[in-house]
Amino acid sequence: MKIAVYPGSFDPITYGHLDVITRACAVFDQVVFAVLVNPNKTGPIFTTEERLAVIREAVAESCPVDVASRIQVQSFEGLTVDFCRRLEATFVVRGLRAVSDFESELQMAHTNRKLAPQVDTVFFMTALEHSYLSSSLVKEIFAFGGDVSLMVPPAVVRHLEAPAARL
Ligand code: PNS
């Protein structure tokens, strides 16, 4: 069974992330949305628990059933490759939106391979219509009262608009 880990902050998940994991599901038997618990990262909009809940809702609502059935959602602390080892995953999935992503992604892929030669990184090109998207932009637009509903799945909008209902 080919298991891949798709690590990230996902704060919040965007249509770009859903596009990448959907592509990955065409290649791997199981793909795990791996939400990094990173207490040092500044300005999170959602807690880890909320990110997990939002992603689960988004996958259930926005992905075809045959894709959703192969997606798992988990959080992790520490190194991505250690999380891969625990799950017996031999692939890391990352999305590439533009050439500007490539340099840091290449460095990360080489580092991960040095740490765990059995784990290979596979890149998927984000669909052109989502290639401008980033979680940071979504956060900024939302902070200034802009409409992010074309950038993120409805689950994110619901959670953004209902802070009282937050976990
Ligand atoms: O969504 P992001 O913030 O671009 O994701 C970055 C992430 C989580 C993939 C990266 O920071 C990561 O893998 N962090 C875990 C710690 C780790 O394994 N560091 C070494 C990789 S170079």
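In short, a report on the structure. All of these numbers come straight from a predicted model, not from anything done at the bench.

### A closer look at the nonpolar core
Okay, step 1: Core analysis: the biggest nonpolar cluster contains 36 residues, and Tyr6, Phe28, Val31, Phe33, Ile55, Ile71 and Val93 have the highest contact counts within it.
Okay, step 2: Secondary-structure elements contributing two or more residues to this core are strand E1 (3–8), helix H1 (15–25), strand E2 (30–36), helix H2 (48–62), strand E3 (71–76), strand E4 (91–96) and helix H7 (154–161).
Okay, step 3: Residues within four places of Val31 in sequence aside, it is in contact with Ala4, Tyr6, Ile21, Ala24, Cys25, Arg70, Ile71 and Gln72.
Okay, step 4: Grouped together as the second largest cluster of nonpolar side chains are twelve residues, Val32, Val81, Ala116 and Val119 included.

### Re the packing of aromatic side chains
Okay, step 1: Evaluated as defined, the whole model comprises five aromatic pairs.
Okay, step 2: Taking 4.9 Å as the distance between ring centres and 40° as the angle between the ring planes, the aromatic pair formed by Phe28 and Phe91 counts as tilted. Separated by 63 residues along the polypeptide, Phe28 in the loop between H1 and E2 and Phe91 in strand E4 bring together distant segments of the chain. A single burial state applies to Phe28 and to Phe91, both of which are buried.
Okay, step 3: Relative to Phe83, the ring of Phe76 has its centre 5.0 Å away and its plane inclined at 25°; by these criteria the two rings are stacked.
Okay, step 4: Relative accessible area serves as the criterion here: at 4%, Phe76 is assigned to the buried category.
Okay, step 5: Classification of Phe83 by relative accessible area gives buried; the value is 3%.
Okay, step 6: Grouping aromatic residues by their ring pairs yields a cluster made of Tyr6, Phe10 and Phe33.

### Remarks on the environment of Pro44
Okay, step 1: By secondary structure assignment, the location of Pro44 is in the loop between E2 and H2.
Okay, step 2: Along the primary structure Pro44 and Val54 are separated by ten residues, whereas in three dimensions their C-alpha atoms are 14 Å apart.
Okay, step 3: Those residues in contact with Pro44, other than ones at most four positions away along the chain, are Asp11, Arg51 and Lys139.

### Digging into the side chain of His130
Okay, step 1: Summarising the element assignment, His130 is placed in the loop between strand E5 (120–125) and helix H6 (135–143).
Okay, step 2: On the accessibility criterion, His130 (17% relative accessible area) is buried.
Okay, step 3: With sequence-adjacent residues up to four places away left out, His130 is seen in contact with Tyr15, Gly16 and Asp19.

### Describing the sheet that holds E5
Think of a sheet as strands paired side by side through backbone hydrogen bonds, with each pair either parallel or antiparallel.
Okay, step 1: If you walk across this open sheet you meet the five strands as E3-E2-E1-E4-E5, and the pairing is parallel. Edge positions in the sheet fall to E3 and E5, since each has one partner strand and no second. When the angles between neighbouring strand axes are averaged without regard to direction, this sheet yields 30°.
Okay, step 2: Across the sheet, H1 is in contact with E1, E2, E3, E4 and E5; its angle to E2 comes to roughly 150°.

### Some remarks on H7
For an α-helix the count is 3.6 residues per turn, leaving residues at separations of three or four pointing the same way.
Okay, step 1: Of the residues making up H7, those classed as buried are Ala155, Val156, Val157, His159 and Leu160.
Okay, step 2: Tucked inside the fold, the buried residues of H7 contact H2 and H6.

Thresholds applied
Residues numbered from 1 in each chain as written. Predicted model: local features only at pLDDT ≥ 70, side-chain atom pairs only at ≥ 80, totals over all residues. Heavy atoms only, no water. Core = buried A, V, L, I, M, F, W, Y, C linked by side-chain atoms within 4.5 Å. Buried < 20%, exposed > 50% of the residue type's maximum accessible area, 1.4 Å probe, protein only. Helix = DSSP H or I, 4+ residues; strand = E, 2+ residues; numbered from the N terminus. Contact = heavy atoms within 4.5 Å. Phe/Tyr/Trp six-rings, centres within 6.5 Å; stacked < 30°, edge-to-face > 60°. Pairing = 2+ DSSP bridges. Axes fitted to C-alpha atoms, helices over the stretch in contact; angles between N-to-C directions.

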